[in-house]
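Descriptive structure summary
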Amino acid sequence: AQTVTQSQPEMSVQEAETVTLSCTYDTSENNYYLFWYKQPPSRQMILVIRQEAYKQQNATENRFSVNFQKAAKSFSLKISDSQLGDTAMYFCAFMKYDLDDKIIFGKGTRLHILP
Amino acid sequence: ETGVTQSPTHLIKTRGQQVTLRCSSQSGHNTVSWYQQALGQGPQFIFQYYREEENGRGNFPPRFSGLQFPNYSSELNVNALELDDSALYLCASSLGDGAGGGLNGYTFGSGTRLTVV
């Protein structure tokens, strides 16, 4: 069974600084997908960034980038030039290509961006 | 393009009762997944519906059941409510083919907060 572990329950950082959220996962699959989702107080889960395991190049979306280490089963999220609107719960998630595409989420990291 | 709409937003039920939660999928999406998010936890997969058929199920008892309608909207039904069923229930829709639809991206709703007393 796949598991996703986020070891940082809560983090705080000053606005405009860079912050890195950690995530490790466990799987015996070779083909899978990793995600970072953001859940603001509105509760809606919003996709931040996606990484296909077969791609060696780390995914980047504007201020968000990942450090994907497949052998180490590590998938960290870096937020550059953090903004107040980045304050939210962040979930690391895993999905293998399967009939039902279920997403397995970690427990989340609560990120506070301080003015 | 409308997103995913869930109703009601909040609900309080008594232990032993039954509840129905509703989800309208994003326009053009044919697959709906339901997740349970307990307080302080990440969401857990309950089941998925594709073209009105259950297309996968997580580790939830049979008292959790669902439906998908021809317009791809969906319902989650929970019978014999227990205190531990108190959670945020999230619906997510996607455009799938019955296998790998999630690669096209899920759109999540804002959830229904269920409290069982």
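Residues numbered from 1 in each chain as written. Chains lettered and ligands numbered in written order. Predicted model: local features only at pLDDT ≥ 70, side-chain atom pairs only at ≥ 80, totals over all residues. Heavy atoms only, no water.

Turning to the overall build of chain B, a few remarks are in order. Counting secondary structure elements, chain B contains 0 helices and 11 strands. Moving toward the C terminus, one meets the helices and strands of chain B in the order β-β-β-β-β-β-β-β-β-β-β. Its C-alpha radius of gyration of 13 Å places chain B within 12% of the 13 Å reference for a compact globule of 117 residues. Dimensions of chain B, computed from the C-alpha atoms along their principal axes, are close to 40 × 25 × 25 Å. Burial analysis of chain B (117 residues in total) assigns 55% to the buried set. At a minimum sequence separation of 6, the contacts of chain B that also span at least 24 residues come to 55%. Summing over all exposed atoms, chain B offers an accessible surface of approximately 5200 Å²; the carbon and sulfur share of this is 48%. For chain B, the distance from the average site of its 7 positive side-chain charges to the average site of its 9 negative ones is 8 Å. (Helix = DSSP H or I, 4+ residues; strand = E, 2+ residues; numbered from the N terminus. Rg over C-alpha atoms; globule rule 2.2 N^0.38 Å. Buried < 20%, exposed > 50% of the residue type's maximum accessible area, 1.4 Å probe, protein only. Contact = heavy atoms within 4.5 Å. Areas by Shrake-Rupley, 256 points an atom, 1.4 Å probe, with all protein chains shown as cover. Lys, Arg positive; Asp, Glu negative; His and termini not counted. Charge placed at Lys NZ, Arg CZ, Asp CG, Glu CD.)

Secondary-structure assignment places Asp86 of chain A in the loop between β9 (74–79) and β10 (88–96). Beyond its immediate sequence surroundings of up to four residues, Asp86 of chain A is in contact with Lys38, Arg63, Phe64, Ile79, Leu111 and Ile113 of chain A.

Turning to the side chain of Gln8 of chain A, a few remarks are in order. Residue and element names in this part refer to chain A. Along the chain, Gln8 turns up in the loop between β1 (3–5) and β2 (10–14). Relative accessible area serves as the criterion here: at 18%, Gln8 is assigned to the buried category. Non-local contacts of Gln8, meaning those with residues more than four positions away in its chain, are made with Thr20, Leu21, Ser22, Gly108 and Thr109.

The next subject is the interface of chain B and chain A. Accessible area lost when the parts come together is the quantity often used to give the size of an interface. With 28 residues of chain B at the contact, the number on the chain A side is 20 residues. When the two sides are added together, the surface that chain B and chain A hide from each other amounts to roughly 2000 Å², 52% of it contributed by carbon and sulfur. Put simply, chain B and chain A have 0 salt bridges between them. Linking chain B with chain A are 7 residue pairs in polar contact (both at pLDDT 80 or more), by the criterion used here. Broken down by element, the side of chain B that touches chain A gets its largest block of residues, 3 residues, from strand β6 (residues 53–57) of chain B. Among the residues making up the side of chain B that touches chain A, the classes are represented as 9 nonpolar, 17 polar and 2 charged. (Buried area = accessible area lost by both parts, 1.4 Å probe. Salt bridge = Lys/Arg side-chain N within 4 Å of Asp/Glu carboxyl O. Polar contact = N/O pair within 3.5 Å; in protein donor to acceptor, adjacent residues only side chain to side chain. Nonpolar A, V, L, I, M, F, W, Y, C, P; charged D, E, K, R; others polar.)

Our next topic: the state of the cysteines. Residues and elements named next belong to chain A. Scanning the entire structure with this criterion turns up 2 disulfides over all chains. Disulfide pairing places Cys23 opposite Cys92 at an S-S distance of 2.0 Å. An S-S torsion of about -70 degrees defines the bridge between Cys23 and Cys92 as left-handed. You can see Cys23 sitting in the loop between β3 (19–21) and β4 (24–26) and its partner Cys92 sitting in strand β10, a full 69 residues away along the chain. (Disulfide = S-S within 2.5 Å.)

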